[in-house]
Amino acid sequence: MYKLDSFMAELERKNPAQPEFIQATREVIESVIDVVNENPVYEKNKILERMTEPDRVFSFRVEWEDDLGSLQVNRGYRVQFNNAIGPYKGGLRFHSSVTLGTLKFLGFEQTLKNSLTTLPMGGAKGGSDFNPRGKSDSEILRFCRSFMTELQKYIGPDTDVPAGDIGVGAREIGFLYGQYKKIRDENTGVLTGKGINFGGSLVRPEATGFGTMYFADEMLKAHGDTIVGKTIALSGFGNVAWGAAVKATQLGAKVVTISGPDGYIYDADGVGTEEKWAFMNYLRTSNNDVVEPYAKKFGATFVAGKKPWEVAVDMAFPCAIQNELSLEDAKTLVSNGVRYVVETSNMGCEAEAATYFIEKKIPFGPGKAANAGGVAVSGLEMSQNAMHLAWSAQEVDEKLHAIMVKIHEACVLEGKDEDGYINYVKGANIAGFKKVADAMVMMGY
Ligand code: 2IT
């Protein structure tokens, strides 16, 4: 019999100073421990011990020259977490906050998320503490070349297929893929999120945002409700927030906030127009990394240094980074009448915040289910690359929609409590876990 506290105490001992990894694993083990204890085959196969230990971790030095001619040194990583159900798959994050513990939490989450997508993909994550903010295109190019010169030793189209994450978008994927191609002379599509003219998939840039809205739409339907007319608070102003705002607007909801490192924008008219997003995109890619100019340009309100969780809305979607929504924020949202919360960033809510929503019986979609649309379309990009063809936007979007509906179904199947409350955290964790655990059992150690 596994006991949560003793198992977690041992895991903490083995992984000191990795609080995010401990937070992510604790949440999953809490959800699955009964399932594990009811199936002795899992204990016999040491499933929890094996699933919380990455298959392997690469750490490497990344040297690059800045525009002033000085040599800079960063640390790069690839955490290959689990390949029981398919090749390692997961993004690369370039952000000053990146540590090994961050990437282990993300790789662990990715394993369960990828399992939920219904596609054959294992879990991985990588990246660097390199901060792209304020860097020139040439600096980004030199960094990406150096990073890929090392990373290419560990990846391959049937082994490990990285993609983007925070700080890694179309520009970085292009540079990284260019370097891989120079060294290996292969056009195998070893990265996803590529440009359309060299093997990328249509709808990949919007996929995480579209997917989270499709998932939310299913949540509302399951509660006899509709997304039409709902007000939404989003954080972030990158690709993910953009896709979510576009899809929310198409489905008849209104997104009234976005946020950046400098604060948040409240726009009562809704942020989901092409013109407004083109401006956000300009702000982001011109390396300003601020949202304030939006307020002046479009006559909206800018609130400096704060997050959008103080705005009274029907639905909240953290779309920026882990632990961006605290227990305090959760209490404010609930007292202001929030009805649904959908994590779109990975582990966007602090553990206490997620628990609070669940205690208050607020339907709460966890990131590993709600944001799986991004990696799902990455999986579709791999399929297209393997077949040497390209699907239309409509074809990809239909497949994405069907996958999100299936993920929602799996959460309901495994997560419905006796009182009828759908505990999406439990549902996603159990559904994602079982597929990987059963595969590991069947393949032996
Ligand atoms: O967190 C994620 O799922 C991603 N950053 C996307 C990973 C991918 O392989 O597309």
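Up top is the structure.
The structure reproduced in this document is the subject of the present report. Treat the numbers as computed from the prediction; the structure is a model and nothing was measured. (Residues numbered from 1 in each chain as written. Predicted model: local features only at pLDDT ≥ 70, side-chain atom pairs only at ≥ 80, totals over all residues. Heavy atoms only, no water.)

Considering the nonpolar core
- In this structure, F215, I232, L234, Y294, F317 and I407 are the most contacted members of the largest nonpolar core, which totals 61 residues.
- Counting residues per element, this core draws most heavily on helix α8 (residues 204-222), at eight residues.
- F317 has contacts with T212, M213, A216, I232, A233, L234, S235, W309, V342 and T344, leaving out every residue within four places of it along the chain.
- Counting 36 residues, the second-largest nonpolar core is a separate cluster that includes L4, V79, V98 and M440. (Core = buried A, V, L, I, M, F, W, Y, C linked by side-chain atoms within 4.5 Å. Buried < 20%, exposed > 50% of the residue type's maximum accessible area, 1.4 Å probe, protein only. Helix = DSSP H or I, 4+ residues; strand = E, 2+ residues; numbered from the N terminus. Contact = heavy atoms within 4.5 Å.)

Some thoughts on empty space enclosed by the protein
- Within the structure shown, the criterion is met by one cavity of 30 Å³ or more.
- Estimates place the volume of the largest cavity at around 30 Å³.
- Breaking the lining of the largest cavity down by element, the ones donating at least two residues are α2 (19-38) and α4 (47-51). (1 Å grid on protein atoms, 1.4 Å probe; cavity = no way out; pocket = protein on both sides within 12 Å on 5 of 7 lines; lining within 4 Å. Points joined across faces, edges and corners; volume = space filled by probe spheres on them.)

Details of the site of the ligand
- The environment of the ligand is formed by 14 residues, the closest being K89, K113, D165, R204 and S378.
- Here a nitrogen atom of the ligand and a side-chain polar atom of D165 are 2.9 Å apart.
- The contact in question runs from an oxygen atom of the ligand to an N or O atom on the side chain of N346, over 3.1 Å.
- Protein coverage of the free-state accessible area of the ligand, which is 290 Å², stands at 93%.
- Contributing elements (two or more residues each) for the shell around the ligand: β3 (88-94), α5 (100-116) and α15 (372-387). (Near = heavy atom within 4 Å. Polar contact = N/O pair within 3.5 Å; in protein donor to acceptor, adjacent residues only side chain to side chain. Areas by Shrake-Rupley, 256 points an atom, 1.4 Å probe, with all protein chains shown as cover.)

Things to note about the packing of helix α1 (residues 4-14) against α2
- Contact pair α1 / α2: the axes reach a minimum separation of 11 Å and the direction vectors enclose 155°. Between α1 and α2, the angle is such that the two are roughly antiparallel. Once α1 is placed against α2, the crossing between them reads as right-handed. Two secondary-structure elements touch here, α1 through L4, D5, F7, M8, L11 and E12 and α2 through I22, T25, R26, I29, E30 and I33. (Axes fitted to C-alpha atoms, helices over the stretch in contact; angles between N-to-C directions. Parallel < 35°, antiparallel > 145°, perpendicular 65-115°, else oblique. Left-handed = near helix turned anticlockwise from the far one by under 90°.)

Notes on α5
- A rise of 1.5 Å per residue sets the reference length of α5, with its 17 residues, at 24 Å; its end C-alpha atoms lie 24 Å apart and thus fit the reference within 8%.
- With 16 of 17 residues buried, α5 is to be regarded as a mostly interior element.
- Backbone geometry just downstream of α5 places T118 in the positive-phi region, at approximately 75°. (Expected span 1.5 Å × (residues − 1).)

Here we look at the sheet that holds strand β11 (residues 340-342)
- Spatially, the seven strands line up as an open sheet ordered β9-β8-β7-β6-β10-β11-β12, and their pairing is mixed. Unpaired on one side and paired on the other, β9 (301-304) and β12 (364-365) mark the two borders of the sheet.
- Across four bridges, strand β7 (residues 254-260) lies against strand β8 (residues 263-266) in antiparallel orientation. Its bridge partner lying in β8, S259 is registered against Y264. (Pairing = 2+ DSSP bridges.)

Things to note about the pairing of strand β5 (residues 160-163)
- Burial along β5 is two-sided: the residues D160 and P162 and V161 and A163 are all buried.
- In terms of strand pairing, β3 meets β5 through four bridges, oriented parallel. Residue pairing in the sheet places Y88 in a bridge with D160 of β5.

Focus on the side chain of T111
- Relative to the helices and strands, T111 resides in helix α5.
- A relative accessible area of 4% means that T111 is categorised as buried.
- Beyond its immediate stretch of four places on either side in the chain, T111 contacts F81, N82, G123 and V436.

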